[in-house]
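For reference, the chains in residue letters:
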Amino acid sequence: MSATYLQALLSGLSVGGIYALIALSFSITFTTTKTLNFSQGEFVSFGAFVGLSVLLLLSGTFDFNAVPADASAGLKFPAAVVTAGVLVGVVGIFIFLLAVRPFAGKPGMSWVMSTIGFGIILQSLGLVVWGPAVVNVPAPFGEGVIRIFGAGVRSQELVVLVSAIVIMLVFDQIMRRSLLGKAMRAVAFSPQVASLMGINVTLVMVGAFVMSGVLAGFAGVMVAPISTASLFMGLGFSLKAFAGAIIGGLNNPRGCIFGGFMLGVIESFVGLWHSEWREISVFVLIILVLAVRPDGLFGARTVDKV
Amino acid sequence: MDRRDAGREEKTMHKRNMFKMAAAAAVLTLTAGTAFAQEIKIGFNGDISASPSAQSGQAGVLGLQAAIDDLNAAGGLLGRRLSLVVRDDLSQPPRSIQNMSDLIDNERVSMIIGPTNSGNALAWRHIPNQKRIPVIGFSGSATDITKPMAAGADNYMFRVSMVDRPQVAALMAYVKRNPASKVVGFMFETTGYGQGGLRDMQEIAAMHGIQPAATERFAVNDTDMTSQLNKLKAAGVDTLVVWAQGAPLGHLLRSMEKINYFPRLLTSWAADNKSFYDAAGPQLAERAIFLRTVTDERSARQQQLFDRVSPRLASTSSFPFAAHAYDGMMLYAAAVRQAGTIDGPKVREALESLQGRYDGIMKAYERPFSRTEREGLLASDFRWTHWKDGRLVNYGDDVVRSLRQEDFRM
């Protein structure tokens, strides 16, 4: 029986790692620009296919119907991760300039629609280039099941778990120690004051969208061997990740990561009890958290002085 | 003739020529117009670009086009050429409904093949019934698609494809007949497709007196189902019947491997999809048993069509949809010949009482439809299938061989 609970914990953490990575990418733009990229899911899928294309090109083929078993071997996978991160980061610049900047800070929620629209464009472009097929992506460390005290987990799930934690720690250090991080926090606190202090606010905001894009692209490639790549894979993950970010606190990157992991584990354990309550429990939890702590479990309360 | 006269003569000539040309143009337009009116338009409405099932839609269009090419090469239908009008519904019900009206009211098609997804057929099947235009399904397998809008009402919905209910009937017959199946569990995906299948499973299980020990669910995007599987394992389930789409079925098998629990696995035909094979991997994929209309062990006629369309098929596992659409078109053509018109109600009546025999890609059809029978393919036309070395091959074991007609309860 203990193996069952350990399995639930491990499975929950590995799915939670995916949520955590994407939740963090939501948080970055929110903390600096007070806007969200509602096409984060499409960014994740887009990143997965950019990475997959790199894997195929490095393997000397472009046949999506026959991905070689060793397509992710050696340095190919890291190369795919980096390329996807960079390219989706560049897409991040575009979404900021085209879909966010014209509307940010203005009354109304136009940026919600414009970011969703940008995602639809991105997905349609992806469909033109790559088609609607679901593509299997081999894991860099093989598909075998690793047994830990009777519970099974796959190598890629451990990779996602570990990299989510590492990225969280690195990101935390950047935000707290580096000049860039301090500038981002300053812009988040008050763009006007930051601007008066000589910080290039627009540049910092662009930087936030780039970082968010990089993370989404990175997440896409990392998740693809677990979920199989499809241009529709990102939406489901990003919805849950967003829920995780709300629970953890959108303006606290640490909280977002924690929220993502928590959501994964809760889903897994509720599934052990009554699987029909899995989705319900997630959203009941959101309502409870928002009722008690409107800024999320770890979110800082912002007080607007009038 | 002086120069002035010559000029006048020239002008008159010019005028005459102009008139001639205008007359010729008018005649040309007129002939083109009649040729246009004489063409019989066939519509296709289904997803060919926007969802994982789009590959099935693309295959359907290829099969339909092949049938139309063959008919045109043999002189058309009632002496008129056939043309194909394709509308992509992007898998979205509102778009699919709009396409339906566009095809019938603006394009004036005489028959429609589609849609790719069951949900869209359920969203618009009232439209062809009101407008009295026959529709032949080639992909969507939901049981309710071909039911009449009201008891005894004229029904314009036909289908040459897999149907959920007889599939479930066959799987339940297997469970009932298998001496090793003592504790049965159900699993389903929380989409319309999964829930429709669960309802069929529960109803037919009840007819057999089969009582599932547990019923578990998962979401279509889930990648880890170990929690639900651990519950089934704890309940001692030795036979698992699952209704879900290809990719989540693949993830289910991967989760089974994680906890090293492998009950006898009977699934929906979505397991024939490449997305299932890829997600599960070549070894795990071989564990699923399901039904299909064509296996990779093709008949000569199937191989012929396969050779024609396969260079343009995104995935060879979507070939059955090309074969279904081909046969659907040919059965319609036979009905038009019998009725001697493309008038909707008369063609429907002809379809419901087809004379003679049509040697199709899937089988030899003899009076395939009637006022109550809407399915071109029946349970007896389905093949037990599993994956073997990357191919979809016929599956056979003692239980399958022992199945009798009376075991199939619907």
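Residues numbered from 1 in each chain as written. Chains lettered and ligands numbered in written order. Predicted model: local features only at pLDDT ≥ 70, side-chain atom pairs only at ≥ 80, totals over all residues.

1. Side note on the overall build of chain A
Right, so step 1: Assigned secondary structure in chain A consists of 11 helices and 2 strands.
Right, so step 2: Walking chain A from its N terminus toward its C terminus, one meets helices and strands in the order α-α-α-α-β-β-α-α-α-α-α-α-α.
Right, so step 3: A buried classification covers 53% of the 306 residues belonging to chain A. (Helix = DSSP H or I, 4+ residues; strand = E, 2+ residues; numbered from the N terminus. Buried ≥ 20, exposed ≤ 12 C-beta atoms within 10 Å, placed from the backbone.)

2. A word on the interface of chain A and chain B
A common way to express how large an interface is: the accessible area buried when the components associate.
Right, so step 1: Taken together, the 27 residues of chain A in the interface contact 28 residues of chain B.
Right, so step 2: Elements with a minimum of two residues in the side of chain A that touches chain B: helix H1 (2–33), strand S2 (151–154), helix H8 (201–227) and helix H10 (253–273) of chain A.
Right, so step 3: No other element matches H1 of chain A, which puts 6 residues into the side of chain A that touches chain B.
Right, so step 4: Across the side of chain A that touches chain B, the residue classes tally to 10 nonpolar, 15 polar and 2 charged. (Contact = placed C-beta atoms within 7 Å. Nonpolar A, V, L, I, M, F, W, Y, C, P; charged D, E, K, R; others polar.)

3. Section: the sheet that holds strand S9 (residues 264–267) of chain B
Whether parallel or antiparallel, the strands of a sheet pair through hydrogen bonds between backbone atoms.
Residues and elements named next belong to chain B.
Right, so step 1: Read from one edge of the open sheet, 7 strands run S7-S6-S8-S9-S10-S13-S14, paired in mixed fashion. Strands with a single pairing partner mark the edges of an open sheet, and in this sheet they are strand S7 (214–218) and strand S14 (391–394). The mean angle between the axes of side-by-side strands here comes to 30 degrees, regardless of whether they run parallel or antiparallel.
Right, so step 2: For strand S8 (residues 239–243) and S9, the ladder comprises 4 bridges, and the chain directions are parallel. Bridge pairing in S9 places valine 241 opposite leucine 266.
Right, so step 3: Against the sheet, helix H9 (residues 246–258) engages strand S6 (184–189), S7, S8, S9 and strand S10 (288–292), with an angle of about 155 degrees to S8. (Pairing = 2+ DSSP bridges. Axes fitted to C-alpha atoms, helices over the stretch in contact; angles between N-to-C directions.)

4. Topic: the packing of H1 of chain A against H8 of chain A
A pair of packed helices is characterised by two quantities: the angle between their axes and the separation of those axes.
Residue and element names in this part refer to chain A.
Right, so step 1: In the contact formed by H1 and H8, the axes pass within 9 Å of each other and the chain directions differ by 170 degrees. Comparing the axis directions of H1 and H8 gives the class roughly antiparallel. For the pair formed by H1 and H8, the contact residues are Ile18, Leu21, Ile22, Leu24, Ser25, Ile28, Thr29, Thr32 and Thr33 on the first element and Val204, Met205, Ala208, Phe209, Met211, Ser212, Leu215, Ala216, Ala219 and Val223 on the second.
Right, so step 2: By residue class, the composition of the contact of H1 with H8 is 14 nonpolar, 5 polar and no charged. (Parallel < 35°, antiparallel > 145°, perpendicular 65-115°, else oblique.)

5. Re the sheet that holds strand S1 (residues 40–46) of chain B
Residue and element names in this part refer to chain B.
Right, so step 1: With parallel pairing, 5 strands are arranged side by side in an open sheet as S2-S1-S3-S4-S5. On the outer flanks of this sheet lie strand S2 (82–88) and strand S5 (157–159), each paired with one strand and no other. Strand after strand, the sheet turns through a mean of 25 degrees between neighbouring axes, direction not considered.
Right, so step 2: Note: strand S3 (residues 111–113) against strand S4 (residues 135–137), 2 bridges, orientation parallel. Paired with isoleucine 113 across the strands is isoleucine 136, a residue of S4.

6. Description of the environment of tyrosine 5 of chain A
Right, so step 1: Topologically, tyrosine 5 of chain A is positioned in helix H1.
Right, so step 2: For the pair tyrosine 5 of chain A and serine 268 of chain A, spaced 263 residues apart in the sequence, the C-alpha separation amounts to 9.4 Å.

7. Remarks on the confidence of the model for chain B
Residue and element names in this part refer to chain B.
Right, so step 1: Confidence in the prediction of chain B, expressed as mean pLDDT, is 89, and 91% of residues score 70 or more.
Right, so step 2: Note that residues 1–13 has pLDDT below 50 and, in this model, 1 contact with residues that lie over four places away or in other chains.
Right, so step 3: When the criterion is pLDDT under 50, residues 29–36 qualifies, and its contacts beyond four places in sequence or with other chains add up to 0 contacts.
Right, so step 4: Scoring the predicted complex yields pTM 0.84 and, for the interface, ipTM 0.86. (pLDDT = per-residue confidence, 0-100.)

8. A look at the nonpolar core
Right, so step 1: Within the largest apolar cluster, 139 residues are counted, with the highest numbers of intra-cluster contacts made by Ile22, Ala23 and Ala219 of chain A together with Val242 of chain B.
Right, so step 2: With sequence-adjacent residues up to four places away left out, isoleucine 22 of chain A is seen in contact with Gln40, Val44, Ala216, Ala219, Phe237, Ser238 and Ala241 of chain A.
Right, so step 3: One finds Ala54, Val61, Ile145 and Tyr365 of chain B within the second-largest nonpolar core, a separate group that totals 61 residues. (Core = buried A, V, L, I, M, F, W, Y, C linked by C-beta atoms within 7 Å.)

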